[in-house]
Amino acid sequence: MEPRSRGAAPGGVSVSAVLPAGGSGERLGGATPKQFCAVQGRPLVSYAVRAMERISWISDIIVVVSPENIETMKTIIEKYGHKRVTVVEGGITRHRSIFNGLKVFAENEFSSHLLQKPEVVIIHDAVRPFVEEDIVSKVVMAAKEHGAAGAIRPLVSTVIASAADGCLDHSLERARYRASEMPQAFLFDIIYEAYQQCTDYDLDYGTECLHLALKYCKTNAKLVEGTPDLWKVTYKRDLYAAESIIKDNLSQQVCVITSVKETLAQVGFLLPESLKSQIKVEAISISPSKNDSCLQSIISGQCYNFVCVNDKRWAIQETQELVDMLEKSNIPLLYPVVLILVHLDIPENNSFSIGMEDLTMIKKFARETKKKNILVYGLLIQYKRHHLAGPFAASGDSKFCCCSYHGIDKGQKPRTYWPTVGSIRP
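Conventions we followed
Residues numbered from 1 in each chain as written. Predicted model: local features only at pLDDT ≥ 70, side-chain atom pairs only at ≥ 80, totals over all residues. Heavy atoms only, no water. Helix = DSSP H or I, 4+ residues; strand = E, 2+ residues; numbered from the N terminus. Buried < 20%, exposed > 50% of the residue type's maximum accessible area, 1.4 Å probe, protein only. Axes fitted to C-alpha atoms, helices over the stretch in contact; angles between N-to-C directions. Parallel < 35°, antiparallel > 145°, perpendicular 65-115°, else oblique. Contact = heavy atoms within 4.5 Å. Nonpolar A, V, L, I, M, F, W, Y, C, P; charged D, E, K, R; others polar. Polar contact = N/O pair within 3.5 Å; in protein donor to acceptor, adjacent residues only side chain to side chain. Phe/Tyr/Trp six-rings, centres within 6.5 Å; stacked < 30°, edge-to-face > 60°. Pairing = 2+ DSSP bridges.

Caption draft 1: Looking closely at unusual backbone geometry. Across the junction of M182 and P183, the peptide omega takes the value 10°, indicating a cis bond. Locating P183 in the fold gives a position in strand β10 (residues 178-187). A positive phi angle, close to 60°, is found at R84, a residue other than glycine. Topologically, R84 is positioned in the loop between α2 (70-79) and β5 (85-89). On the accessibility criterion, R84 (13% relative accessible area) is buried.

Caption draft 2: Structural context of the packing of helix α5 (residues 188-197) against helix α7 (residues 209-217). Interaxial distance between α5 and α7 falls to 9 Å at its minimum, and their mutual angle equals 80°. In terms of orientation, α5 lies roughly perpendicular with respect to α7. Listed contacts from α7 to I190, I191, E193, A194, Y195 and Q197 of α5 are C209, L212, A213, Y216 and C217. Partitioned by chemical class, the residues of the contact of α5 with α7 number 9 nonpolar, 1 polar and 1 charged.

Caption draft 3: Here's a closer look at the side chain of E53. Mapped onto the elements, E53 comes out in helix α1 (residues 44-53). For E53, a relative accessible area of 5% puts it in the buried group. Within the structure, the side chain of E53 is placed 2.3 Å from the backbone nitrogen of K83, a separation counted as a polar contact. If we skip the residues at most four places from it in the chain, E53 touches I61, G81, H82, K83, R84, V85 and L333.

Caption draft 4: Summary view of α5. Within α5, burial applies to F188, I190, I191, Y192, A194 and Y195. Contacts from the buried residues of α5 go to α3 (94-103), β6 (120-123), β10, α6 (200-205) and α7.

Caption draft 5: Spotlight on the packing of aromatic side chains. Inspection of every chain in the model, using the stated rule, returns 6 aromatic pairs. Note on Y201 and Y205: the rings are 4.9 Å apart at their centroids and 40° apart in plane angle, and the pair reads as tilted. Pair noted here: Y201 and Y205 are both in helix α6, with a separation of 4 residues, about one helical turn. Judged by its relative accessible area of 57%, Y201 falls in the exposed class.

Caption draft 6: Seen up close, the sheet that holds β6. The strand order across the open sheet built from 7 strands is β5-β4-β1-β6-β10-β7-β11, with neighbouring strands paired in mixed fashion. At either margin of the open sheet sits one strand with a lone partner, and together these are β5 and β11 (222-225). Mean inter-strand twist for the sheet, computed between neighbouring axes without regard to direction, equals 25°. Bridge analysis of strand β4 (residues 58-65) against β5 gives 5 bridges, and the strand direction is parallel. What sits directly across from V65, in β5, is E89. Strand contacts of α7: β6, β7 (148-154), β10 and β11, with the helix running at about 60° to β10, the strand carrying the most contacts.

Written out as structure tokens, the structure reads:
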């Protein structure tokens, strides 16, 4: 294995993650297991993997799937460019699958290559796509100190027990109890020993990893208050909720980039003024090639939408430099970044035109950036007498106009957030 440059983990420990993804999705219904259901065009498991990939100090990510889905998972890894991921064949139950995932760090005969054993291992469900680094860091730190740790949330409903005759036997005091969530983290030697000692009954019917650490290793887990977005996709309605959350996350902020030229600055003023009632807008007047600290700050703040306004024939160099900045930031790893290139066609600028050769180059550029999860769109605007007018194109299909281009699959609609600007009406 090639050596990797990784960020420092909390407490300076080595960390890896195991993602069980072998469920059949019976409660969801349908033929496709929930972890492979598409949300915004991407399988749910891919979001969970991306969430772990974005954490630089996680060395290896183990995805455990049922035997019949191994090739499917490998295809997802290749298609979406996942790194540091090893696919492992799961068992017939959740605990047996997690045990198989742990074995790749400890048993040579179980894997074609033994991965370096981490000091701390994270266990996280592949159908919990919205985990953030902050909560992962907290459970890792707690696991280092206490041996085991897990995220919890307050109970929403009261838990009751029924008697043999179907009548109420007793209820639990809701304030005293919590819902166990993911992620959880363990000192590797503790959780691996627990699984080694685990009875067949616990392996087949148990569901709580923290309980195994307590039962077999006398390790009392530290409970860490989690965030509301740690919920698990279980039913079909959860898929719709997940899609809504993703769309909402992607449309919270837009950065409008223009140069300091008077004409472009005017557009740079009109766009934010029109957009600010619907979305948070950051407007900067600087060339991306200047490595502006303000732009760097906006990118590091996880902005996913950028509008670049120019009056050049084809500002490929500046656009490529912005793409490079986005790629280095790792922002596109989890969600797609939308980059809208607005070209102003100013009558006195006789050098401005987009021909078929330019269009071919632009489309090739868009296809290449799509592989990096950056979706490029184009908008051509005629600028006359201090107002904006058509023709223009911001269509989801390039056949509508030669100046519309992007890098998304046919049939997939772009994110839109354009209100009326002058006479612009997308």
